[in-house]
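# Coordinate inspection notes
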Amino acid sequence: MALAISATVAQAAVPCGSGSFQTWLDNFKTEAASKGISQATITSSLNGVTPDQSVLSRDHSQKVFDQSFEQFSGRMVPPRLARGANMMKQYGSVLSRIEETYGVPGEVLVAIWGLETDFGVNIGKFPTLRSLATLAYDCRRAEMFRGELLDALRIIDRGDLTPAEMRGAWAGEIGQTQFMPSNYIKYAVDFDANGRRDLLRSPPDVLASTANFLQSSGWQKGKDWQPGSPNFPVLQQWNKSDVYARTVAYFATQLAHAP
């Protein structure tokens, strides 16, 4: 009986970790082509890609978010408050236009921007395509990351980023507010009207795309964002950690009161 069970498990696992990575990658390239992604994008993005053991190690040893709100907000908000207030001034007119369009106040967007990447300073150095291919080949969350890898190719195919530009966090998040490729495809907007949805270098695109995500997740214009208010569950759509969402809300309120 045990043998029969293991055979079934092995059969189910064929699409991800069985066989060589190169065989898996070749099959994936065929699938990408069948979904309408251009051969030029597939070749430039995936040729020579190898698995990254450091990504797997990080994925398999993820710790539960265990800091308290006091610990996390106390560590993250005070060092970013002055720069956040400066960003509110520097991008004031852009943030006003974004709030008119999406109903999300600038304080909330700047708080997320600061917490995610220090206002674009630390966007991550992992090659996104390599990270996603590694996680799609691994059997822990293969289907999810297979979809993310296809969407990363679509971002390249439509001309927003090149394969070499696509670098970010170890699990495939890209840009100054760390969008997974599927959310990049759904919510990224070209707010500076230069023909590309560029979440790596264009703060107007970054902030408007973040507002688009929040509006699409149910943000109510003019309503509060503190815990217990109509917009707090929307912040939890951004990050499911209650502590993280509370820290965004707290940071945004501090920015709203900043001189």
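Residues numbered from 1 in each chain as written. Predicted model: local features only at pLDDT ≥ 70, side-chain atom pairs only at ≥ 80, totals over all residues. Heavy atoms only, no water.

### Description of the pattern of salt bridges
Evaluated as defined, the whole model comprises eleven salt bridges. The shortest N-O distance in the salt bridge between arginine 154 and aspartate 151 comes to 2.7 Å. Of this pair, arginine 154 and aspartate 151 are both found in helix 10 (residues 142-157), three residues apart, which corresponds to roughly one turn of the helix. The class of aspartate 151 is buried, set by a relative accessible area of 13%. A salt bridge links arginine 158 to aspartate 160; the shortest N-O distance between them is 2.5 Å. A relative accessible area of 0% places aspartate 160 in the buried class. (Salt bridge = Lys/Arg side-chain N within 4 Å of Asp/Glu carboxyl O. Helix = DSSP H or I, 4+ residues; strand = E, 2+ residues; numbered from the N terminus. Buried < 20%, exposed > 50% of the residue type's maximum accessible area, 1.4 Å probe, protein only.)

### Here's the deal with the environment of valine 206
Along the polypeptide, valine 206 turns up in helix 12 (residues 203-216). Put simply, valine 206 and aspartate 190 are 16 residues apart on the chain and 8.9 Å apart in space, counted from C-alpha to C-alpha. What valine 206 contacts, discounting residues up to four positions off in sequence, is Trp113, Gln176, Thr177, Asp198 and Leu199. (Contact = heavy atoms within 4.5 Å.)

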